[in-house]
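Letter by letter, the chains look like this.
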Amino acid sequence: MTKLAQWLCGLALLGSAWAALALAPPGLQPPAPLRQALLPLPVYLLVAFGCYSLATVGYRLATFNDCEEAAAELQEHIKAARADLRRRGLNI
Amino acid sequence: MAARGPPRLSVLLPTYNERDNLPLVVWLLARTLGDSGIDFEIIIIDDGSPDGTQEVAQQLEKIYGSDKILLRPRAKKLGLGTAYIHGMKYATGNFIVIMDADLSHHPKFIPEFIRKQKEGNFDIVSGTRYKGNGGVYGWDLKRKLISRGANFLTQVLLRPGASDLTGSFRLYRKEVLEKLMEKCVSKGYVFQMEMIVRARQLGFTVGEVPISFVDRVYGESKLGGNEIVSFLKGLLTLFATT
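Residues numbered from 1 in each chain as written. Chains lettered and ligands numbered in written order. Predicted model: local features only at pLDDT ≥ 70, side-chain atom pairs only at ≥ 80, totals over all residues. Heavy atoms only, no water.

- Chain B is annotated in an unreviewed UniProt entry as Dolichol-phosphate mannosyltransferase subunit 1 from Helopsaltes ochotensis.
- Under the UniProt heading Subcellular location (unreviewed entry), the entry covering chain B gives this text: "Endoplasmic reticulum". (UniProt positions renumbered as here; feature names shortened; annotations may be inferred.)

- The name that an unreviewed UniProt entry assigns to chain A is Dolichol-phosphate mannosyltransferase subunit 3, with the source organism given as Helopsaltes ochotensis.
- Taken directly from UniProt, the Sequence similarities (unreviewed entry) text for chain A runs: "Belongs to the DPM3 family."
- Turning to chain A, the UniProt record has this under Pathway (unreviewed entry): "Protein modification; protein glycosylation."

1. A look at the sheet that holds strand E7 (residues 170–173) of chain B
Residues and elements named next belong to chain B.
Point 1. The sheet built from seven strands is open, its strands ordered E3-E2-E1-E4-E7-E5-E8 with mixed pairing. Looking along the sheet, the strands with just one partner apiece sit at the ends: strand E3 (69–71) and strand E8 (206–210). Along the sheet, successive strands turn relative to each other by an average axial angle of 20°, direction set aside.
Point 2. In this structure, strand E1 (residues 8–15) lies alongside strand E2 (residues 39–46), joined through eight bridges in parallel fashion. (Pairing = 2+ DSSP bridges. Helix = DSSP H or I, 4+ residues; strand = E, 2+ residues; numbered from the N terminus. Axes fitted to C-alpha atoms, helices over the stretch in contact; angles between N-to-C directions.)

2. With respect to a nonpolar patch on the surface
Residue and element names in this part refer to chain A.
Point 1. Among the surface-exposed residues, Leu 41, Tyr 44 and Leu 45 lie close enough to one another that they form a single nonpolar patch of about 310 Å² accessible area.
Point 2. Residue position: Leu 41 is located in helix H3 (residues 41–62).
Point 3. Its relative accessible area of 33% is what places Leu 41 among the partly exposed residues. (Patch = residues over 30% accessible without salt bridge, like charges linked within 9 Å, V, L, I, M, F, W, Y side chains within 5 Å. Areas by Shrake-Rupley, 256 points an atom, 1.4 Å probe, with all protein chains shown as cover. Salt bridge = Lys/Arg side-chain N within 4 Å of Asp/Glu carboxyl O. Buried < 20%, exposed > 50% of the residue type's maximum accessible area, 1.4 Å probe, protein only.)

3. Structural notes on the UniProt feature "transmembrane region" (unreviewed entry) in chain A
Point 1. Per the UniProt record, the feature "transmembrane region" (unreviewed entry) sits at residues 43–62 of chain A.
Point 2. Between the end C-alpha atoms of residues 43–62 of chain A there is a gap of 28 Å, over a span that is 100% helix and 0% strand.

4. Some thoughts on the interface of chain A and chain B
Point 1. Contacts between chain A and chain B engage 35 residues on the former and 41 residues on the latter.
Point 2. There are two salt bridges connecting chain A and chain B.
Point 3. One salt bridge in this structure joins A:Asp66 and B:Lys144, with 3.1 Å as the shortest N-O distance.
Point 4. Linking chain A with chain B are 13 residue pairs in polar contact (both at pLDDT 80 or more).
Point 5. Counting residues per element, the ones that place at least two in the side of chain A that touches chain B are helix H1 (3–22), H3 and helix H4 (68–87) of chain A.
Point 6. The leading source of residues in the side of chain A that touches chain B is H4(A), at 13 residues. (Contact = heavy atoms within 4.5 Å. Polar contact = N/O pair within 3.5 Å; in protein donor to acceptor, adjacent residues only side chain to side chain.)

5. Brief notes about the side chain of B:Ser10
Point 1. In this structure, B:Ser10 sits in strand E1.
Point 2. Leave out the neighbours within four places in its chain, and B:Ser10 touches B:Glu41, B:Ile43, B:Ala91, B:Thr92, B:Gly93, B:Phe95, B:Ile96 and B:Val97.

6. Here we look at the nonpolar core
Point 1. If you look at the biggest cluster of nonpolar residues, it comprises 46 residues, and the most contacted ones within it are B:Leu9, B:Leu13, B:Val26, B:Leu29, B:Ile42, B:Met99 and B:Ile110.
Point 2. Elements with a contribution of two residues or more to this core: H4 of chain A together with E1, helix H1 (21–35), E2, helix H2 (53–64), E3, strand E4 (95–98) and helix H4 (110–120) of chain B.
Point 3. Take this core: its biggest share by element is nine residues, from H1(B).
Point 4. In this structure, B:Met99 is in contact with B:Val11, B:Leu12, B:Leu13, B:Pro14, B:Val25, B:Leu29, B:His105, B:Pro107, B:Ile110, B:Ser168 and B:Phe169, ignoring residues within four places of it in sequence.
Point 5. Among the nonpolar cores identified, the runner-up in size contains 34 residues, and B:Ala83, B:Tyr84, B:Tyr172 and B:Met181 belong to it. (Core = buried A, V, L, I, M, F, W, Y, C linked by side-chain atoms within 4.5 Å.)

This is how it looks when you write it as C-alpha cells:
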C-alpha cells in the first residue's frame, strides 16, 4: 500500500467515525458535551498538528549543529594534501 | 544476509569540473582508508569536464597506481544515477561508497560507516546531518530552515526510518545498490530519497552515522525556487507511488 493510500484509508476511517458520531440522527446522538467537543475536533487536530510542526521545525533549526571544527580541520587537511601531492609530482 | 570476509571498498566519485578538489579528495581517501587498513579502489567517473579534471585524474592514477584509481569517464554530463550505474560495472569491492567529490563529505567518516555496518549487519549505512553530532558548515539561517522544513515534510509523508533522506554520503552493499539502481527513476535530491524509500520497501536495513557537511560551494550556488519546486514534485510522486 502506498503512503498516499495509507493516508486516505486512515482519513476515511477517522472521518467516518467522526461523521457517524457527530452527524448521527437525534435518536442515536451521543450526550451533548461529547457532541460539543466532537464537532470542531477535526479543526482542533489540524491546528494542533500545525503547532507541532512549527515547534518541531523551530527546535530542529535551533539545534542544527554548525561544524566549525570540521571546517577548520578540512583547511588543515587541504594544506597537508597539497604539500604532499606536490612532493609526489602532481601539478597543482 | 550473513557477513562476509574483510570489506573491500569501491568508492564511486562522479565528477564534473572538480579539477581542484579531486586530488584533495583522493589524497584524503587514500590516507584515511590506508591508515585504517581498508582495502579500496576509487572509481572516478568524469563526465567530460572542460576544466582539466581528467588530466588531474590521470596524474593521480600514476601516483597511486591503476589498481587503486580507476578512470572510467563518459563523454558528456549525463547525470548522477547513470554515473553510479556506469561506475558499478567496474567495481570489484563488496561494498560501495558514494560521496560528493567537492570535499563537502570527508572520507574520515568512511571507517565509521564500516564499523556501523558490521555492528548491525546493515545493508546501507547513511551519513546523517540531522542526528547526533552531525551538522553543516557554511549555511545561513534561511538555508537551514529550508533543509529542516523539507526534511520534516519528508518524514511526515514518507516515514522513511532514516533521518537524512537527501544526503548522498552512503555505504551500500554492492548487490543492494545494484538492486536499487534498477528500481529508482527520479533525479537530483529525490533520487537519493528514492533509494532509501525503495530500500525499506525491499526489506533492506539502514544504519546511520552522524556526519559533518562542509559546504564551501553554497555562496555561489544558492538553493533556488526551481530546485524547491522539483523537490516537492518528487516528494509527492514518491508519496503517491511508494
